[in-house]
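Remarks on the overall topology
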Amino acid sequence: VEKREGEVAMLKKALRECDARERRLRGAVEAEQRAHEAEVSALQQEAAVREEELSDRLTEIGVEVRALGEAQEVNHIVQEGNDQLASASLRLIDRVLVMERDMKGESERVFTDKYRHIALINQEIRKKVSTVNEELE
């Protein structure tokens, strides 16, 4: 009976140690999840700021394109016979349109990079949580 009581006491002690370890591990997992959430939030804010900057720039380019188009019309009416001036204006508009296309491409790359980075972070967290779960088991 004393032997059994000793075994029961040892099992209870081991169970308490396991419970304490589990609480520590859960705390560590929760801390990592909070850190991950903070990092994801920071990345989302950074991406939102960049997106807003790119959107503002695209809007500015759109205004510039419209202004250049209007300027081209005025110049064409005033100097109808000046083919050289019209040609230069068309080349300038083409360059602005290429810049606008490039800015749109950069915006898409920023979003792709942001979501790729978030996916990588999520994958790392899943690995860490999996490791912690394996330790808990």
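**Structural notes on the overall build of the protein**
Helices and strands together make up the secondary structure of the protein, namely two helices and zero strands. Relative to the 2.2 N^0.38 estimate, which gives 14 Å for 137 residues, the radius of gyration of the protein is 32 Å and therefore markedly larger than a compact globule would have. For the protein, the C-alpha atoms occupy an extent of roughly 115 × 15 × 10 Å along the three principal directions. Taken across its 137 residues, the protein has 17% of its residues classed as buried. Sequence-distant contacts in the protein: of pairs separated by 6 or more residues, those separated by 24 or more amount to 85%. Here the protein has roughly 10700 Å² of accessible surface; of this, 53% comes from carbon and sulfur atoms. A distance of 9 Å separates the average location of the 23 positive side-chain charges in the protein from that of its 31 negative side-chain charges.

**Some thoughts on the pattern of salt bridges**
Summed over all chains, the structure comprises eight salt bridges. Put simply, R116 and D113 hold a salt bridge, and the shortest N to O gap is 3.4 Å. Here D113 and R116 lie together in helix α2 (residues 83-136), a separation of three residues that amounts to about one turn. Residues joined in a network through salt bridges with shared partners are R50, E53 and E106.

**Details of the nonpolar core**
One recurring pattern in soluble globular proteins is that nonpolar side chains are buried together. Judged by nonpolar contacts, L54, L58, I61, V65, V96, M103 and V110 together constitute the single largest core of seven residues. Listing elements by their share of this core, those giving two or more residues are α1 (2-78) and α2. The element that contributes the greatest number of residues to this core is α1, accounting for four residues. The contacts of M103, once residues within four sequence positions are left out, are L54, R57, L58 and I61.

**Brief notes about the environment of T131**
Position of T131 among the secondary structure elements: in helix α2. The sequence separation of T131 and T112 amounts to 19 residues, and the corresponding C-alpha distance is 28 Å.

Parameters at a glance
- Residues numbered from 1 in each chain as written.
- Predicted model: local features only at pLDDT ≥ 70, side-chain atom pairs only at ≥ 80, totals over all residues.
- Heavy atoms only, no water.
- Helix = DSSP H or I, 4+ residues; strand = E, 2+ residues; numbered from the N terminus.
- Rg over C-alpha atoms; globule rule 2.2 N^0.38 Å.
- Buried < 20%, exposed > 50% of the residue type's maximum accessible area, 1.4 Å probe, protein only.
- Contact = heavy atoms within 4.5 Å.
- Areas by Shrake-Rupley, 256 points an atom, 1.4 Å probe, with all protein chains shown as cover.
- Lys, Arg positive; Asp, Glu negative; His and termini not counted.
- Charge placed at Lys NZ, Arg CZ, Asp CG, Glu CD.
- Salt bridge = Lys/Arg side-chain N within 4 Å of Asp/Glu carboxyl O.
- Core = buried A, V, L, I, M, F, W, Y, C linked by side-chain atoms within 4.5 Å.

Everything listed here is a matter of coordinates, which is why it stays silent on function.
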